[in-house]
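# Inside the fold
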Amino acid sequence: SGINVNKLSVKSSKSIKYINADMIRLDAFPWDIVEKKKGVYDYKVPDAAVSWARKNELNILGIIQYAPSWANGRYFKTPDSVPGCGIPDLENFSTNYNKLRTYPPLNPEDFGKYASEIAKRYPDIMYWQIWNEPNNPIFWPSGPNAEEYAKLLKAGYYGVKDGNPKAQVVLGGISLNDFKYLRKLYEAETKYYFDKMAIHLYNPLMSPKEYLANEINDLHKLMDVYDDGKKEIWLTEIGWYTGAGAGSVAEEQQAQNMQELYDIVRANKYVGAVFWHTLMDCDVKRDASNPEHNYGIFKGNLEPKKAAKVMRGVLLTK
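Nothing here was measured: the structure is a model prediction, and the numbers come from that model.

### Side note on the packing of helix 6 (residues 108-121) against helix 7 (residues 146-163)
The geometry of helix 6 relative to helix 7 is characterised by a closest axis approach of 7 Å and an angle of 30° between their N-to-C directions. Relative to helix 7, helix 6 is oriented roughly parallel. In this structure, the crossing between helix 6 and helix 7 has a hand that is right-handed. Facing Pro108, Glu109, Phe111, Gly112, Ala115, Ser116, Ala119 and Lys120 of helix 6, the residues of helix 7 in contact are Lys151, Leu152, Ala155, Gly156, Gly159, Val160, Asp162 and Gly163. Tallied by class, residues from the contact of helix 6 with helix 7 come to seven nonpolar, five polar and four charged.

### Things to note about helix 1 (residues 10-19)
Burial in helix 1 covers these residues: Ser12, Ser13, Ser15, Ile16 and Ile19. Buried residues of helix 1 fall within an arc of 155° about the axis and therefore sit on the same side. Every exposed residue of helix 1 that faces more than 90 degrees away from the buried side is listed here: Val10, Lys11, Lys14 and Lys17. Of the residues flanking the end of helix 1, it is Asn20, one or two places downstream, whose phi is positive at about 70°.

### Digging into the pattern of salt bridges
Under the counting rule described, the total for this entry stands at 17 salt bridges. Where Lys161 meets Asp195, a salt bridge forms, and the shortest distance between an N and an O atom there is 3.0 Å. Taken together, the residues Lys161 in helix 7 and Asp195 in the loop between helix 8 (179-187) and strand 7 (197-200) connect sequence positions 34 residues apart. Where salt bridges share partners, they join Glu251, Lys299 and Glu303 into one cluster.

Criteria and thresholds
Residues numbered from 1 in each chain as written. Predicted model: local features only at pLDDT ≥ 70, side-chain atom pairs only at ≥ 80, totals over all residues. Heavy atoms only, no water. Axes fitted to C-alpha atoms, helices over the stretch in contact; angles between N-to-C directions. Helix = DSSP H or I, 4+ residues; strand = E, 2+ residues; numbered from the N terminus. Parallel < 35°, antiparallel > 145°, perpendicular 65-115°, else oblique. Left-handed = near helix turned anticlockwise from the far one by under 90°. Contact = heavy atoms within 4.5 Å. Nonpolar A, V, L, I, M, F, W, Y, C, P; charged D, E, K, R; others polar. Buried < 20%, exposed > 50% of the residue type's maximum accessible area, 1.4 Å probe, protein only. Arc of directions from axis to C-beta. Salt bridge = Lys/Arg side-chain N within 4 Å of Asp/Glu carboxyl O.

Here is the structure:
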């Protein structure tokens, strides 16, 4: 079982050891940062992240996403460093950078080539996720389009397998049970281009026991219709946020939801992995009313919330 990690440091590695997670989902391979100029690769960011993970004996689910300006035709300059707490400010697109990089590439083959280079460079990373929430307009601002994503997925799949034939390809973490989008994906014959189904089943207003098992089983039924039911379902993001925003929960409720989540997925034969979102609250200008700043199971100073203790208890007894 794993966790989405938004900040890599000596302190955060201690927090991950504390909860006993063995896998992290990592957005440390952004195409627009590594290949700012076509054909010129700068691996500083991913190299540092991968060596940090290796040092801490953590397996990685790497997300291959975003697009450089030259690839998606949008005019933006990738900054040398992105301020903040490792959580993109999606509500208020600072200088529009976070928004413009999420437009998909005009030519999926460019993306496939990048996927191949990145999979080849890190042969010990066995799981690569192609984009994030492609059915969510925040991550596909030209308007979510299953046929377009199908082309990107196919190019990414062939790229990853070319770079490392042993690596597995994970679908891009579909936001909620968007069956209309998933049906269109299947109708575009995509089942051959991913090894793990991935879904983000957030529901801030319900506890897991009120909805989660049904949602997972409904998804599996849909997969079965397309003769794809043998694949594992991965929850590559799920979480409940504390703080003061609408839909926030008390720390006790977050902890209880964590326990219910694990009880449900452990009893469900279709689920292969779950990644809580996210490790820590924002530690730079945290806004208590911004959900994205408060999903952590640790506070910004890495003091554990009650949910961290639950996760430790669950993962130490696995």
